[in-house]
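# Summary of the model geometry
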Amino acid sequence: MRNKKKYTLSASIICADFMNLKANVGELERAGIDSIHFDVMDGLFVPRYGLFPEIITQIRSFSRLPIEAHMMVRNSENYLRLFINSGLNQPNDVFIVHTEATYQLKKILRKIRAYGIKAGVAVNPSTPLEVLDPIIREVDTVLLMAIKPGIVGHPLIEGTFDRITDLREKIPSDIRTTIAIDGGVSFTSAFQMMTAGSDSLVCGSQTVFNSRDTIIANTTKLRAILENTAHK
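Small disclaimer: the values here were computed from a predicted structure and weren't measured. Residue positions are counted from 1 within each chain, in the order its sequence is given. Totals for whole chains, interfaces and linings use all residues, but because this is a predicted model, local features are given only for residues with pLDDT of at least 70 and pairs of side-chain atoms are given and counted only at 80 or more. Each side-chain value is worked out from all heavy atoms of the structure, with water and hydrogens disregarded.

Attention now moves to the sheet that holds strand S4 (residues 94-98). Read once around its circumference, the closed barrel built from eight strands follows the order S1-S2-S3-S4-S5-S6-S7-S8, with strand pairing classed as parallel. Pairs of neighbouring strands in the sheet enclose a mean axial angle of 25°, with direction left out of account. Only when DSSP finds a minimum of two bridges between them are two strands counted as paired. Every helix listed is a DSSP run of H or I at least four residues long, and every strand listed is a run of E at least two residues long, numbered separately from the N terminus. Both strand S7 (residues 178-182) and strand S8 (residues 200-203) contribute to a ladder of three bridges, which runs parallel. Bridged to Ile-181 within S8 is Leu-201. When checking whether two residues touch, look at their non-hydrogen atoms; a contact exists if any pair is within 4.5 Å. Axes here refer to lines fitted to C-alpha atoms; in helices the fit is confined to the stretch in contact. Angles between the N-to-C directions go from 0 to 180 degrees. Across the sheet, helix H7 (residues 215-226) lies against strand S1 (8-12) and S8, angled at about 145° from S1, the strand it touches most.

Take a look at the structure:
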């Protein structure tokens, strides 16, 4: 592993208990989760509906955890100001657009950064990594999809680990673009994702929100695996 502490965990809040959202977020904070992953889906770009910006406003009323808005929608640039006004406006917040659903990528990435937050790009499993070549220096985070977006229970895409390594090699060494993995993150796959070259994992029902234990216990278990102490 490159460095035991050079990784972050983002909790996929769509997996939380929304009847107890404040309590869940409080437990995420106590567990040491680094950020909240916020899925936005329009039923068009992906075959599901997701979260709406007012939930960010609610979260901001009781938490300062960084939030990354993953825009699985068509023409996500049309919603940037709405999310900024809803509370996605802290320096470590991220607005992530899909290469497959956004026109004039370089322009929107620069616009995101102009608001003082981080700019992210998501790439679907079937999309060649070469799509990143013209924009890689405009991107703070590349969100590599390890499943087909919007498909509940979709298995980890074969070849994901090699794709992570290929992406790591593509990012110039003089920039700090991070690689995050969304989908298929489990207690079994997480360590290999990190050793392949990722910096961050989006954790959902297979890990942090696994119903077999508490958020804190699940997060502790995952960190032990990633720091390779579980195997000693």
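A few words on the pattern of salt bridges. A pairing counts as a salt bridge when a side-chain nitrogen of Lys or Arg comes within 4 Å of a carboxyl oxygen of Asp or Glu. Under the defined criterion, the tally for this structure stands at seven salt bridges. Arg-113 is the partner of Asp-140 in a salt bridge, and the nearest nitrogen-oxygen pair spans 3.1 Å. Of this pair, Asp-140 sits in the loop between strand S5 (118-123) and strand S6 (141-145) while Arg-113 sits in helix H4 (residues 105-114); the two residues are 27 residues apart in sequence, bridging distant segments of the chain. When accessible area is computed with a 1.4 Å probe and restricted to protein chains, residues below 20% of their type maximum are described as buried, those above 50% as exposed, and intermediate ones as partly exposed. A residue is classified by how much of its surface remains accessible, and Arg-113, at 32% relative accessible area, is partly exposed. Note that Arg-168 is salt-bridged to Asp-199, the shortest N-O span being 2.6 Å. With Arg-168 in helix H5 (residues 160-170) and Asp-199 in the loop between helix H6 (190-196) and S8, this residue pair connects regions lying 31 residues apart in the sequence. When its relative accessible area of 25% is taken as the criterion, Arg-168 is described as partly exposed.

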